[in-house]
Amino acid sequence: MEHKDPSQTVAWGLLREHARAVSAAHLRDWLSDGAQRYGQFAVSEGELIADFTRARATPETLTLLSQLADEMQLDACVAALFSGELVNNTEGRAALHTSLRASGAQGPIVAGMDVGRAVSDAQAKYLRFAESVRDGSRTGSSGKSIKTVINIGIGGSDLGPRFISAALSAKGTASSRDYPTVHFVAGLDGQELRAALADADPASTLFIICSKTFTTLETIANANAARAWLTRSVSPADVHFHFAAVSVNSGAMDAFGVADDARFPLWDWVGGRYSVWSPVGVAAAIAIGADAYRELLHGASVMDEHFRSRPVNSNMPVLHGMLAVWQQNFLGLDQHVVLPYDQRLTTLPDYLQQLWMESLGKTVRCDGAAVKYATGASLWGNNGSSAQHSFAQWLHQGAASASVDYIGTAVGAHPDDADVHLQSLSNMLAQAEVLARGHDVAGHKGHPGNRPSTLLLLKELTPCNLGMLLAFYEHSVYVQSVIWGINAFDQFGVERGKQIAGDYAALMAQQDESQLPPVARQILNWRKM
Ligand code: F6P
């Protein structure tokens, strides 16, 4: 793939000029003819609609963004992603998360491996395992069914399965009480693990160590603590009944003593933050059931097909990603806020934060050149209702501004709550309108408005629709990375942090603090006073 500086393209120059005209207009001026605007700016796929009508954009903006996509060879880059080319060029790897949800063992051959076959074999194994835990046939060392499942992982080995379990497991229903309780433990300081173990019986507890590398400090510390807890009542020879693991690192799984039938592979062509579709999802599959998990995968594959086949102006992840570039590089918005208006989606911003910020937090292009334009807005958010009573004031009247994604469900979680669900939806619409139109009065009560948002509405929160939504965000991120010419699949910054922390920990354990940076020594001295 030819590496280009996007700011040197013809389209970039035209967009810069066009931005001046757009800045002179107000979003409210474009919202008066709803039907026409909706026809131009709303795109649907199955039971998901993306309404871009409140983007600070005109049809001409979309034409110019499409030209930019052409000049940056977006189509070829999308084809490269799906076909297993080494799109993660700094690590010489493919990024084949789409093959994890392709139906019928489809996938390219990468470094001699039949990806489709590897995925379908692994999927059959981990989903069978998940069902055996869920239906009680998988037992611990004493023959008791598993009642408590604890996923130990962090980052991509935690956030995805944690979010999906929270979003899709029907807590509080009669049937949910029969299934194992699934906990997620990521934190290093022992508190989360302690809380998960509070009511657990070792004889009916299963730990899943989820770590692509099997070297991550937090995960290994928690896995060791879990083993120590178990061996207080389970013989060391039987501990293997209580562990499963997901990793690329089979040597480390051997060393930890993970049994063959409870270990699941991962591959270097799956990035941590793109891995929820892989065996990393096993805890989620236990929480929601293998059938629901398959529907989730199917939904993601529907979005993959949409992404590959739709033209720019009806392609929701392409539009979302291109508008993110437009908002950041031409309208100067460096923050992106995600506000789900459905309690089940409350932790979606946490999940998206890693996907978006670990992928786009880069300032060097794939060809090694420093970028000369902004990349990767910061992404944050919370449940929309709570946000309205905390930081939404900043969104409406703050000096800085942000773009927003409002996410809702047309049908709520429970029929008895239909009236409050309607209120929640009306709040979401009101927020989007106020943000766009503002309130044109002088003084303290005036809102500037003209702040862009996208409204994403799912008919219902089904596994399939959720799969579509998550794949939509993955592809939006990829689109942005292609336009900026950066690698969405490496994360050298966080890796360096991990390495330095390891060095410091070793020095501190040996009480040899003289080699720590001078100011770090000061604070450690203070700690001892
Ligand atoms: O913290 C950065 C990171 O490297 C993430 O990219 C990754 O998802 C996480 O650590 C966990 O890594 P692993 O799955 O190897 O334990």
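What counts and what doesn't
- Residues numbered from 1 in each chain as written.
- Predicted model: local features only at pLDDT ≥ 70, side-chain atom pairs only at ≥ 80, totals over all residues.
- Heavy atoms only, no water.
- Helix = DSSP H or I, 4+ residues; strand = E, 2+ residues; numbered from the N terminus.
- Rg over C-alpha atoms; globule rule 2.2 N^0.38 Å.
- Areas by Shrake-Rupley, 256 points an atom, 1.4 Å probe, with all protein chains shown as cover.
- Lys, Arg positive; Asp, Glu negative; His and termini not counted.
- Charge placed at Lys NZ, Arg CZ, Asp CG, Glu CD.
- Near = heavy atom within 4 Å.
- Polar contact = N/O pair within 3.5 Å; in protein donor to acceptor, adjacent residues only side chain to side chain.
- Nonpolar A, V, L, I, M, F, W, Y, C, P; charged D, E, K, R; others polar.
- Core = buried A, V, L, I, M, F, W, Y, C linked by side-chain atoms within 4.5 Å.
- Buried < 20%, exposed > 50% of the residue type's maximum accessible area, 1.4 Å probe, protein only.
- Domains from an automatic or database assignment.
- Pairing = 2+ DSSP bridges.
- Axes fitted to C-alpha atoms, helices over the stretch in contact; angles between N-to-C directions.
- Contact = heavy atoms within 4.5 Å.
- Buried area = accessible area lost by both parts, 1.4 Å probe.
- Salt bridge = Lys/Arg side-chain N within 4 Å of Asp/Glu carboxyl O.

### Quick notes on the overall build of the protein
Within the protein one finds 20 helices and 13 strands. Here the protein has a C-alpha radius of gyration of 24 Å; the compact-globule value for 529 residues is 24 Å, and the two agree. Split by element, the accessible area of the protein, about 22200 Å² in all, is 53% carbon and sulfur. In the protein, 41 positive and 52 negative side-chain charges are present, and the distance between their average locations comes to 4 Å.

### Some remarks on the site of the ligand
Around the ligand, the surrounding shell holds 14 residues, and the nearest of these are Ser 157, Ser 211, Thr 213, Thr 216 and Glu 358. A distance of 2.6 Å separates an oxygen atom of the ligand from a polar atom in the side chain of Ser 211. Within the contact set of the ligand, an oxygen atom lies 2.8 Å away from a backbone nitrogen or oxygen of Lys 212. Burial of the ligand by the surrounding chains reaches 88%, relative to a free accessible area of 400 Å². Mapped onto the shell around the ligand, the elements with two or more residues apiece are helix H14 (348-360) and helix H19 (492-509). For the shell around the ligand, a count of residues per class yields 2 nonpolar, 9 polar and 3 charged.

### Examining the nonpolar core
Ile 164, Trp 269, Trp 326, Leu 466, Leu 469 and Tyr 473 are the most contacted members of the largest nonpolar core, which has 123 residues in total. The leading source of residues in this core is helix H18 (residues 463-484), at 13 residues. Residue contributions to this core reach at least three from each of two domains, namely domain 1 (6-71 + 310-484) and domain 2 (106-288). Listed in part, the 22 residues of the second largest apolar core include Ile 152, Val 185, Leu 193 and Met 253.

### Considering the sheet that holds strand S1 (residues 42-45)
Taken together, the 6 strands give an open sheet; going across it, the order is S1-S2-S13-S12-S10-S11, and neighbouring strands pair in mixed fashion. One side of each edge strand has no neighbouring strand; the edge strands of this open sheet are S1 and strand S11 (378-381). This sheet shows a mean twist of 15° between the axes of neighbouring strands, independent of strand direction. Note that strand S10 (residues 335-340) and strand S12 (residues 403-409) share 5 bridges and pair parallel. Bridge pairing in S12 links Leu 339 to Tyr 406. Sheet strands touched by helix H17 (residues 418-437): S12 and strand S13 (453-458). Its angle to S12, the strand with the most contacts, is close to 160°.

### Let's talk about the sheet that holds strand S7 (residues 205-210)
Within the open sheet, the 5 strands sit side by side as S6-S5-S7-S8-S9. Their pairing is parallel. Unpaired on one side and paired on the other, strand S6 (181-185) and strand S9 (263-265) mark the two borders of the sheet. Here the strands of the sheet are splayed against their neighbours by 15° on average, with no regard to which way each runs. Note that strand S8 (residues 243-247) and S9 share 3 bridges and pair parallel. Note on S9: the bridge partner recorded for Ser 247 is Pro 265. Together, strand S5 (148-152), S7, S8 and S9 form the strand contacts of helix H6 (residues 115-134), whose direction differs from that of S9 by roughly 145°. This element, helix H9 (residues 217-230), spans S5, S6, S7 and S8 of the sheet and lies at about 160° to S7.

### Re the environment of Leu 507
Relative to the helices and strands, Leu 507 is located in helix H19. Leave out the neighbours within four places in its chain, and Leu 507 touches Asp 512, Glu 513, Gln 515 and Leu 516.

### Structural notes on the domain arrangement of the protein
Each domain of the protein was delimited in the assignment, giving domain 1 (6-71 + 310-484), domain 2 (106-288) and domain 3 (494-528). Measuring from the centre of the C-alpha atoms in domain 1 to the corresponding centre in domain 2 gives 34 Å. Roughly 1400 Å² of surface becomes buried between domain 1 and domain 2 when both sides are summed, with 66% attributable to carbon and sulfur atoms. When residues of domain 1 are sorted by the area they lose upon contact with domain 2, Tyr 351, Gln 354 and Glu 474 head the list and together hold 36% of the total. On the surface where domain 1 and domain 2 come into contact, there are 1 salt bridge. Between the two partners, domain 1 and domain 2, sit 5 residue pairs in polar contact (both at pLDDT 80 or more). Across the side of domain 1 that touches domain 2, the residue classes tally to 10 nonpolar, 5 polar and 5 charged.

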